[in-house]
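# Commentary on secondary and tertiary structure
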Amino acid sequence: TRTLNSVFGSAEAGKAAFEFINDFAQRTPFDIQTLTKAFIQLRGAGIKPTEKLLTTLGNAASVTTDKVRTFEALVKTTQKSVGGGLGIEELEILQTAGIPVYKILQEELGKTRIEIGEVGKTAEGAKKIMDALNRSFDTKFAGAMGESAQNLSVLMSNLGIAVNNAFLKLGDAGLNGAIKRMINMLTAATNSTGGFIHKLGSGLAAVLD
């Protein structure tokens, strides 16, 4: 959360971002760490990481075999599209993952693979590419993330998040403070009995001898 606080400018904004990430993670195939990284990357590029955007990217990634890696590649592609610099390399990663980006861009923009490489060099062109991809993702892959979230492994992962949240709430309700006070008391008690511990050690050594 410290990094989120720094990226979003305040503790309140960072807390709000983390609460959203925590909730979103429990409804999707993506864990908190993956989503936090995406939030930071998008925000750092000047892109607001809205639920709509993350859902669009998550749906597209969910139709591939390696959902997390593809989601990270989509975030990176979105990040690089700001200011231009979106090249064939980024699109090839998505194509290899199983997302037919060139077919989509041919349908949406009427551009070939070679032409797309030139279009993505400018900020305006890169934006057109990402807008076209996201429009198609919303149509072709709508609901894919929700379906993927029902896989047993994902359900187990989401259960783990829920259990962790429950323990955090226990701590916030006062358990953390009680444990800290107990540790401090035990530390003080141990330090105050240093002479006794030394004598006990000497006695045990004598017995062993």
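Residues numbered from 1 in each chain as written. Predicted model: local features only at pLDDT ≥ 70, side-chain atom pairs only at ≥ 80, totals over all residues. Heavy atoms only, no water.

## Focus: the pattern of salt bridges
When the charged atoms of two side chains with opposite charge come close together, those side chains can pair. How we decide: We define a salt bridge as a side-chain nitrogen of Lys or Arg found within 4 Å of a carboxyl oxygen belonging to Asp or Glu. Elements are defined by DSSP. Helices are runs of H or I of four residues or more, strands are runs of E of two residues or more, and each kind is numbered from the N terminus. Each residue is assigned to one of three classes by its accessible area relative to the maximum for its type, calculated with a 1.4 Å probe on protein chains only: buried under 20%, partly exposed between the two thresholds, exposed over 50%.
Counted according to the given criterion, the structure contains 11 salt bridges. A salt bridge links E107 to K140; the shortest N-O distance between them is 3.6 Å. Separated by 33 residues along the polypeptide, E107 in helix α7 (residues 101-109) and K140 in helix α9 (residues 123-140) bring together distant segments of the chain. Take E107: its relative accessible area is 47%, and that puts it in the partly exposed class. A salt bridge links E118 to K121; the shortest N-O distance between them is 3.0 Å. The class of K121 is exposed, set by a relative accessible area of 53%. In this structure, a network of salt bridges that share partners links the residues D23, R27 and E51.

## Quick look at the side chain of T56
Definition in use: N or O atoms within 3.5 Å of each other form a polar contact, as long as, within protein, one can give a hydrogen and the other can take it, and as long as residues adjacent in sequence are counted only when both atoms are side-chain atoms. Only heavy atoms enter the contact rule, under which two residues are in contact if any of them lie within 4.5 Å.
Assignment of secondary structure puts T56 in helix α4 (residues 51-61). Separated by 2.7 Å, the side chains of T56 and D138 make a polar contact. Residues contacting T56, with those up to four places away along its chain left out, are N134, F137 and D138.

## Let's talk about the packing of helix α5 (residues 67-81) against α9
Rules: To get an axis, fit a line to the C-alpha atoms, keeping to the stretch in contact for a helix; angles then go from 0 to 180 degrees between the N-to-C directions. For this classification, the nonpolar set comprises Ala, Val, Leu, Ile, Met, Phe, Trp, Tyr, Cys and Pro, the charged set comprises Asp, Glu, Lys and Arg, and every other residue, Gly included, is treated as polar.
Contact geometry of α5 with α9 gives a least axis separation of 9 Å together with a crossing angle of 145 degrees. Counting all contacts with α5, which are made through L74, T77, T78 and S81, the residues of α9 involved are A123, A126, M130 and F137. Across the contact of α5 with α9, the residue classes tally to five nonpolar, three polar and no charged.

## Description of the environment of L91
Residue position: L91 is located in helix α6 (residues 88-97). L91 gets classed as buried once you look at its relative accessible area, which sits at 0%. Distance in space between the C-alpha atoms of L91 and V101 is 6.8 Å, their sequence separation being 10 residues. Aside from chain neighbours lying at most four places away, what touches L91 is V101, Y102, L105, I116 and L133.

## Focus on the packing of aromatic side chains
To be explicit about the condition: What counts as a ring pair is set by centres within 6.5 Å for rings of Phe, Tyr and Trp (its six-membered ring), and what kind of pair is set by the plane angle: stacked under 30 degrees, edge-to-face over 60, tilted for all other angles.
One pass over the structure, following the stated rule, counts four aromatic pairs. Centroid distance F20 to F39: 5.6 Å. Interplanar angle 40 degrees. Geometry classified as tilted. Within this pair, whereas F20 is found in helix α2 (residues 11-25), its partner F39 is found in helix α3 (residues 32-44), the two being separated by 19 residues in sequence. A residue is classified by how much of its surface remains accessible, and F39, at 5% relative accessible area, is buried. With a centroid separation of 4.4 Å and an interplanar angle of 25 degrees, the aromatic rings of F30 and F71 are classed as stacked. Taken as a pair, F30 in the loop between α2 and α3 and F71 in helix α5 lie far apart in primary sequence, 41 residues in all.

## Thoughts on the environment of A16
Take A16: it is sitting in helix α2. Its relative accessible area of 43% is what places A16 among the partly exposed residues. The spatial distance from the C-alpha of A16 to the C-alpha of N5 is 9.4 Å, given a sequence separation of 11 residues.

## Some points on a nonpolar patch on the surface
Defined as follows: Candidate patch residues must exceed 30% relative accessible area and have no salt bridge, after which like charges are joined if within 9 Å and Val, Leu, Ile, Met, Phe, Trp or Tyr side chains if within 5 Å. Per-residue and other accessible areas were derived by the Shrake-Rupley procedure at a 1.4 Å probe size, with only the shown protein chains allowed to occlude residues.
A surface patch of nonpolar side chains, about 290 Å² in accessible area, is lined by M182, I183 and L186. Among the structural elements, I183 can be located in helix α11 (residues 152-192).

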